[in-house]
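Secondary and tertiary structure notes
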Amino acid sequence: MKRNVNTIGVLKEHNFFLYWIGQLTSSIGDSFVPVAVTFAVLKITDSAVDLGIVLGSLWGAKIVFLLLGGVWSDKLPRQMVMIATDVVRAAVHFIVAFLFFFDQIQIWHLAVAAGIFGMAGAFFSPAASGVLPKLVASDNLQQANALLSVSQNFVMIFGPALSGILVHWVGFGTIFFFDACTFLISAVCLAFIPFLKTLEKVEQQSLLKEAKEGFYELLRHRWLWATTIAFALQNFVIACYNVLGPLVMEKGSNGSTGWGFILMGGSIGAVLGGVIAIRFRPVHPLFYGLIFMAVFVPLEVLVLVPPLPVSFLILFSLLGSLSIVVADVIFDTLLQQHIPDQVLSRVYSVESLVTFIFMPLGFVLAGPLADRFGLPNTLIFISVLAFVGNLVAWHSRVSVP
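Described below are features of the structure shown in this document.

Moving on, we come to the overall build of the chain. A count of helices and strands for the chain gives 13 helices and 0 strands. Starting at the N terminus and ending at the C terminus, the chain contains elements arranged as α-α-α-α-α-α-α-α-α-α-α-α-α. The C-alpha atoms of the chain give a radius of gyration of 21 Å, which matches the 21 Å a tight globule of 401 residues would have. If one aligns the C-alpha atoms of the chain with their principal axes, the spans along those axes are about 60 × 55 × 40 Å. The buried share among the 401 residues of the chain stands at 51%. Long-range contacts, defined as pairs at least 24 residues apart, comprise 88% of the intrachain contacts of the chain with a sequence gap of at least 6. When the accessible surface of the chain is totalled, it reaches about 18,300 Å², and 71% of it is carbon and sulfur. Positive and negative side-chain charges of the chain, numbering 21 and 21 respectively, have mean locations separated by a distance of 9 Å.

Further remarks concern the packing of helix 4 (residues 107-135) against helix 12 (residues 344-373). At a closest axis distance of 8 Å, the pairing of helix 4 and helix 12 adopts a crossing angle of 135 degrees. Comparing their axes, helix 12 and helix 4 come out oblique. The interaxial crossing formed by helix 4 with helix 12 has right-handed handedness. Only L344, S345, Y348 and S349 of helix 12 make contact with helix 4, whose side of the interface consists of S125, P126, A127, S129, G130 and P133. A per-class count over the contact of helix 4 with helix 12 returns 5 nonpolar, 5 polar and no charged.

Overall, the coordinates contain 0 disulfides when judged by the stated rule. Here C181 is not disulfide-linked; the sulfur of C189 is the nearest cysteine sulfur, at 14 Å. For C181, a relative accessible area of 27% gives the class partly exposed.

Ranked by internal contacts, the top residues of the largest apolar core, which has 32 residues, are F16, Y19, M82, L132, L135, V136 and L190. Leave out the neighbours within four places in its chain, and L132 touches F16, Y19, L141, A144, N145, L148 and Q336. F280, A327, Y348 and V350 belong to the second-largest nonpolar core, a separate cluster that totals 25 residues.

Let us look at unusual backbone geometry. At the junction of P306 and P307, the peptide bond is cis and its omega measures out at -15 degrees in the coordinates. Structurally, P307 is set in the loop between helix 10 (285-302) and helix 11 (310-338). Phi at D103 is positive, roughly 55 degrees, even though this residue is not glycine. Here D103 shows up in the loop between helix 3 (78-101) and helix 4. According to the relative accessible area criterion, D103 is exposed, its value standing at 66%.

The next subject is the pattern of salt bridges. Counting across every chain of the model gives 7 salt bridges. Notably, a salt bridge pairs E213 with R346, separated by 2.8 Å at the nearest N-O pair. With E213 in helix 7 (residues 207-220) and R346 in helix 12, this residue pair connects regions lying 133 residues apart in the sequence. Accessibility expressed as a relative area gives 29% for E213, which makes it partly exposed.

Analysis parameters
- Residues numbered from 1 in each chain as written.
- Predicted model: local features only at pLDDT ≥ 70, side-chain atom pairs only at ≥ 80, totals over all residues.
- Heavy atoms only, no water.
- Helix = DSSP H or I, 4+ residues; strand = E, 2+ residues; numbered from the N terminus.
- Rg over C-alpha atoms; globule rule 2.2 N^0.38 Å.
- Buried < 20%, exposed > 50% of the residue type's maximum accessible area, 1.4 Å probe, protein only.
- Contact = heavy atoms within 4.5 Å.
- Areas by Shrake-Rupley, 256 points an atom, 1.4 Å probe, with all protein chains shown as cover.
- Lys, Arg positive; Asp, Glu negative; His and termini not counted.
- Charge placed at Lys NZ, Arg CZ, Asp CG, Glu CD.
- Axes fitted to C-alpha atoms, helices over the stretch in contact; angles between N-to-C directions.
- Parallel < 35°, antiparallel > 145°, perpendicular 65-115°, else oblique.
- Left-handed = near helix turned anticlockwise from the far one by under 90°.
- Nonpolar A, V, L, I, M, F, W, Y, C, P; charged D, E, K, R; others polar.
- Disulfide = S-S within 2.5 Å.
- Core = buried A, V, L, I, M, F, W, Y, C linked by side-chain atoms within 4.5 Å.
- Salt bridge = Lys/Arg side-chain N within 4 Å of Asp/Glu carboxyl O.

Shown next, in the form of structure tokens:
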């Protein structure tokens, strides 16, 4: 049974509208950076090792500081944490931009900047998870999460391609300068939102004990830890897919062009998933979200085994991304609705840490698995992994409040 929902009602809430504008603006800037960083490293040293160091600094710092970010976001005013991290990221990219402008940029500059950027993100995301429920009415929370998802995924359709063009026309420095400005806009939007009620003061505890509280809270809810495992396996599968998919395409006649269209299909599917999640309001939403993932993600991988024609690969890439976003929006909404506010950021950081770790594992293990067991067998194995993980989580959805 569906509940009626006003599609744009959440944008009428002034505080959320400011928040959404800030996040949309910073997402536009962020969509330009990955391509710019990649080609900047290749221009400076033309080394895949150096590119790995820069990207590893970003993800490594984010993983290392996630638990600390969750603890601090539960103890400090979350809005101030978000503003501070926006200012830090703006400052870092302003420095990088001027190093490019004056032709002084070196690889270690980009590696350090990526590390600081990843660390700031580790604080921003848990804080944001706790701020959003304070900005909208409870009935509009899923709609708010869906709109944020639509915005972020929509800019990713065109942002990377536009970035590749801008690299040639305006240079790396201008792209980083623009991204820094978008973080300042985000910080200003947050500052114009009336400051939210500070969390109640609690007894000061060690970082480890604070983090354990978030972990224990996650384990208290069967639906939460089961779905976290499903998303972790999902990240592993998608990481393997992004390594093995290009190998499949390279053996055919479509090559990089076909793979590019497949990725574009996935980006479009992510946007459509967010649009669907705006109005998708059944009584048991996680039930359907997990079913969609259990069907479409394994199929997205399995169609690479023959492989099917590119048009089918694009279609299933779209459906796979669509199902992931729908489930992700639903999961975030349930997390924000049913986890106590005083531990919400820590639970988010623990959940993110578990799921993030499986992404680099997938990137690292995909090649060796394919070499050892063969490409078709590996694709079949990871598709079964995705199906089983979602099936276990689906079986546990009954305990959702």
